[in-house]
Amino acid sequence: MSPASASRGPVSRRARVLRVLGVTPQVRRAAAALQASDNVAEPSVVSPVPAASCVVLLPGGCGARELDLLGRALATYGPELARAGRIPVKDGRPATPVPPVRAYLVFGQAQAHALGRELPAAVMNQAQIVLADEPGEVLASGSGKRRLWTALRQLRRALAESA
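Residues numbered from 1 in each chain as written. Predicted model: local features only at pLDDT ≥ 70, side-chain atom pairs only at ≥ 80, totals over all residues. Heavy atoms only, no water.

Chemist: Give me the lowdown on helix H5 (residues 109-118), citing residues and values where you can.
Modeler: Those residues of H5 that sit buried are Gln-111, Ala-114 and Leu-115. The buried side chains of H5 occupy one side of the element, clustering within an arc of 100° when seen end-on. Contacts from the buried residues of H5 go to strand S1 (54-59), strand S2 (85-90), strand S3 (93-94), strand S4 (103-107), helix H6 (121-126) and strand S5 (128-132). (Buried < 20%, exposed > 50% of the residue type's maximum accessible area, 1.4 Å probe, protein only. Helix = DSSP H or I, 4+ residues; strand = E, 2+ residues; numbered from the N terminus. Arc of directions from axis to C-beta. Contact = heavy atoms within 4.5 Å.)

This is the structure:
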């Protein structure tokens, strides 16, 4: 069996198994673009990435367990929230500039204050800002998890209305 045909068999089986398990495999955009250009003889036009509609502000120094919980919760509410940009906040300042988007999911009061200092008033009036408990508090209690799910539902409704 040639290496090409040997690689096709396990990949398709792997894809079937992942589909049955409900897992969506992720591929890096750069790698996908390279594979697409390798398969096509003519150069392809790369379409620009659509602007994000949501940004998540997190406290700096979140643990892996907290980030895993948040990643899974965001992925549950669809690709728009799963792909939302995540910006850590340290010492009251976002690590990167906060872009103007339709909705913000903010974890904790300190991050909400940092967002208020960073964004102009006109942008804040146009955007939907949803406040959730800090990730540590979400992990600590069932009521924190319920408040997170409520915040995510509210955010999803806001994104659906403005679309």
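Chemist: Explain the sheet that holds S2 to me, using residue names and the numbers behind them.
Modeler: Pairing is mixed across the open sheet formed by five strands, whose spatial order is S3-S2-S1-S4-S5. Only two strands of the sheet have a single partner each, and these edge strands are S3 and S5. With five bridges joining them, S1 and S2 adopt parallel strand pairing. Counted as the bridge partner of Leu-57 is Ile-87 from S2. Of the strands in this sheet, S1, S2 and S4 touch helix H3 (residues 64-76), which is tilted by about 160° from S1. Packing of helix H8 (residues 142-162) onto the sheet brings it into contact with S1, S4 and S5, and relative to S5 it is tilted by some 170°. (Pairing = 2+ DSSP bridges. Axes fitted to C-alpha atoms, helices over the stretch in contact; angles between N-to-C directions.)

Chemist: Got a sec to walk through H8? Specific residues and values, please.
Modeler: Under the 1.5 Å per step criterion, the end-to-end length of H8 is 31 Å for 21 residues, consistent within 8% with the ideal 30 Å. Those residues of H8 not exposed but buried are Gly-144, Leu-148, Ala-151, Leu-152, Leu-155, Ala-158 and Leu-159. Down the axis of H8, the buried side of the element spans an arc of 125°, and every buried residue falls inside it. When the buried face of H8 is taken as reference, the exposed residues oriented beyond 90 degrees from it are Arg-146, Arg-157, Ala-160 and Glu-161. Along its buried surface, H8 packs onto S1, H3, helix H4 (79-82), S4, S5 and helix H7 (135-140). (Expected span 1.5 Å × (residues − 1).)

Note that all results are geometric; they support no functional claim without further evidence.
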